[in-house]
Amino acid sequence: MSVGEKMYGWMEDLFPLNRSITGPGTRETLKYLRERLPGLRVGEVPSGTDVFDWTVPDEWHIRDAYIADEGGRRVVDWQEHNLHVVGYSEPVDRWVSRSELEEHLHSLPDQPEAIPYVTSYYERRWGFCLRHRTREQLGAGSYRAVIDSELKPGVLNYGELVLPGRREQEILLSTYICHPSMANNELSGPVVATALGQWLGALEDRRYTYRIVFVPETIGALAYLSRNLEHLKEHVVAGFNLTCLGDERGFSYLPSRTGDTLSDRVARHVLRHLAPDFEKYSFLDRGSDERQYCAPGIDLPVASIMRSKYGEYPEYHTSLDNLSLVSPQGLEGGYTALRRALEVLEANCELRTTVRGEPNLGKRGLYPTLSTKEEAEDASTLLDVLAYSDGRNLLDVAEVIQEPAWRVRDAAQTLIKNGVLKTEETESKM
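Residues numbered from 1 in each chain as written. Predicted model: local features only at pLDDT ≥ 70, side-chain atom pairs only at ≥ 80, totals over all residues. Heavy atoms only, no water.

What to know about the packing of aromatic side chains
Step number 1: Using the criterion set out here, one finds 8 aromatic pairs in the structure.
Step number 2: Plain terms: the ring middles of W54 and Y122 are 5.5 Å apart, the flat faces sit at 70° to each other, and that makes the pair edge-to-face. With W54 in strand β3 (residues 54-55) and Y122 in the loop between β7 (105-106) and β8 (128-129), the pair connects residues that are 68 residues apart, well separated along the chain.
Step number 3: With relative accessibility at 45%, the residue Y122 sits in the partly exposed group.
Step number 4: When the centroid spacing of 6.2 Å and the interplanar angle of 80° are considered together, the rings of W126 and F128 count as edge-to-face.
Step number 5: Residue W126 is classed as buried on the basis of its relative accessible area, which comes to 8%.
Step number 6: Look at F128 and you get buried, because its relative accessible area is 1%.
Step number 7: Site record: aromatic cluster; members linked through ring pairs are W54, W60, Y88, Y121 and Y122.
Step number 8: Stacked on the ring of Y32, the Lys or Arg R36 has its end atom at 3.6 Å from the ring centre.
Step number 9: A cation over a ring is seen here: K309 above Y281, with NZ or CZ 5.2 Å from the ring centre. (Phe/Tyr/Trp six-rings, centres within 6.5 Å; stacked < 30°, edge-to-face > 60°. Helix = DSSP H or I, 4+ residues; strand = E, 2+ residues; numbered from the N terminus. Buried < 20%, exposed > 50% of the residue type's maximum accessible area, 1.4 Å probe, protein only. Lys NZ or Arg CZ within 6 Å of the ring centre and 35° of its normal.)

Observations concerning the environment of H317
Step number 1: Mapped onto the elements of the fold, H317 is located in the loop between β16 (302-306) and α9 (328-347).
Step number 2: H317 sits 28 residues away from L345 along the chain, and the two C-alpha atoms are 33 Å apart.
Step number 3: Once residues lying within four places of it in the same chain are set aside, the contact partners of H317 are I115, P116, Y117, H179, M182 and N185.
Step number 4: Only 3.3 Å separates the side chain of H317 from the side chain of Y316, close enough to count as a polar contact. (Contact = heavy atoms within 4.5 Å. Polar contact = N/O pair within 3.5 Å; in protein donor to acceptor, adjacent residues only side chain to side chain.)

Observations concerning the nonpolar core
Step number 1: F240 and L342 are the most contacted members of the largest nonpolar core, which totals 78 residues.
Step number 2: Non-local contacts of L342, meaning those with residues more than four positions away in its chain, are made with I171, L173, L196, W199, L200, Y210 and F240.
Step number 3: One finds L83, V86, C178 and A221 within the second-largest nonpolar core, a separate group that totals 62 residues. (Core = buried A, V, L, I, M, F, W, Y, C linked by side-chain atoms within 4.5 Å.)

What about the sheet that holds strand β17 (residues 350-353)?
Sheets are built from strands paired through backbone hydrogen bonds, the pairs being either parallel or antiparallel.
Step number 1: Taken in spatial order, the 3 strands of this open sheet run β18-β17-β19, and their pairing is antiparallel. Each edge of the open sheet is held by one strand with a lone partner, namely β18 (390-393) and β19 (421-424). Taken over all neighbouring pairs, the strand axes of this sheet differ in orientation by 30° on average, direction set aside. (Pairing = 2+ DSSP bridges. Axes fitted to C-alpha atoms, helices over the stretch in contact; angles between N-to-C directions.)

Examining the sheet that holds strand β10 (residues 155-163)
Step number 1: The strand order across the open sheet built from 8 strands is β1-β10-β12-β11-β13-β16-β14-β15, with neighbouring strands paired in mixed fashion. Two strands in the sheet have a free side with no partner beyond their single neighbour: β1 (41-46) and β15 (279-280).
Step number 2: Across the sheet, helix α5 (residues 183-202) is in contact with β10, β11 (170-176), β12 (209-215) and β13 (236-242); its angle to β11 comes to roughly 150°.

Here's the deal with helix α13 (residues 405-417)
Step number 1: Helix length check: α13 (13 residues) gives 18 Å between terminal C-alpha atoms against 18 Å at 1.5 Å per residue, within 8%.
Step number 2: Along α13, the residues classified as buried are A405, W406, V408, R409, A411, A412 and L415.
Step number 3: For α13, the elements touching its buried residues are α7 (262-274), α9, β17, α11 (380-387), α12 (394-401) and β19.
Step number 4: A positive phi of about 75° marks G419, the residue just after α13. (Expected span 1.5 Å × (residues − 1).)

Some remarks on the packing of helix α1 (residues 3-14) against α5
Step number 1: Two numbers describe how α1 lies on α5: the axes approach to 9 Å, and their chain directions differ by 130°. With respect to α5, the axis of α1 lies oblique. The handedness of the crossing between α1 and α5 comes out as right-handed. Every residue of α5 that contacts α1 at V3, K6, M7, W10, M11 and L14 is listed here: A183, L187, S188, V191, V192, T194, A195 and Q198. (Parallel < 35°, antiparallel > 145°, perpendicular 65-115°, else oblique. Left-handed = near helix turned anticlockwise from the far one by under 90°.)

Nothing here speaks to function; it is all geometry.
Shown next as C-alpha cells:
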C-alpha cells in the first residue's frame, strides 16, 4: 500500500464524523489519530477560558436534526449529510410556516446540487443548509423544524505530538480538525500531518525537534498559542500550516506575513523544482491559521504549501468537497511536497570544503579519468557544490547552482564520505 492509499483510507474512516470546534466528533477524530501516532497527547481548554481576545465557547452536541413536511416526510435530514445543519445551532422543535422557515435556510443558487457549509459559533441561532434544488421544491404549508442539540460548558480539545531531535530548535506543523464531512479542506491536512508524523518518528536521527499540532481552526490555534507562546517564539525556526493537500489540480503557496522566513524560502524552493507552475498567493489572501501564527506579536515563521488553495476551488465549503474530489495520488503529492520541505530543513547545514583549491575527484573515483564532454557533465553537480561550499548553507548552495536541495544533499553526502567536504552545525538562519 502506498502512502497515498494509506492516507486515503484514513480519510474514508474519518469522513463521516461530525467534527466542530468542540464536541464528541473532534474527540473521536483525535482518538483515531492517536491510534496511528501513539505519542499524541490530547489537551483540553475549558469553556469560558479567555484566549487572547477570544473566549472558548460552550461545547456543542447534536443528536439529530431534520425538516419534516405535514405528512411527516423528512425533506432535509442531518442523518443524510451532516452539513445540513448550521454548525453550533441551538435546539429547536416547532412548526413554522414556509415563509418563516425561509429565514433559517441556506443554499447556493449557483451550485444547486451543493449543500453549503455554514456555522454560527459565537452567536446563538439555528438553521439548515440544503441543496438549492431542494429549497425550490419546498411548497407552501407548515414544516416541523427539529434540531436535537445541546450547548453546555465543556472543553475545547486539541492534539500535540512532540518528536525530540538533537536540537531544541523546533519545526512546527499545524493542521485543523473542526470541519464536518469535507475532504480536501478538512481531512487532507490531518492525514498528511499523520503520515509525516509516522515518517519523522521512524527516523533514526532528527536534527530538529518536531511539534505537530491538531487544533480547531482559529479558536484552537489561539488557545494553543495562549498556552505555549513564549516557548514557541523561543524555539520555532520554521513551520507550515497543513491544509488542502488532497486534490490533483496543482500546487499553491501562501507566504508568512513577512514572506522572507526560512519556511518561505524552503517552500518556494521545493515548489519551483516539484511544480514549477505553482500558484503563488499573497498574505493578503490568507484565510487559515497562518492568520494566528503570523499575527503581530506572535510572528512565527509559518507558511503554507497546498494543492488547490481554500476559497479558490468551486467545491470549497460545500458537500461537493467529498471523497471523489481527492485521490491517493493527490494526497501523496501533497505529502511529498511537505516531506521534501522537511528534508531540506534537516539537511540545511553549512558546507565547507576541506582542501585548498579544487579537489582531485578523479583519484577518488568521482570524476572520469578520460576527459569527454559527456563524462564531465555527470560530475558537474559535485564540482558545483564544492565551488560554493565556503560556509554557505546547503539551501544557499542549491539556489546558486539551481539544483534541488535534495540533490545537493545527496552530492554533499558523497563528498563528505570522500573527505573533501564537511558540514558545520550552526543556528538556523535564512
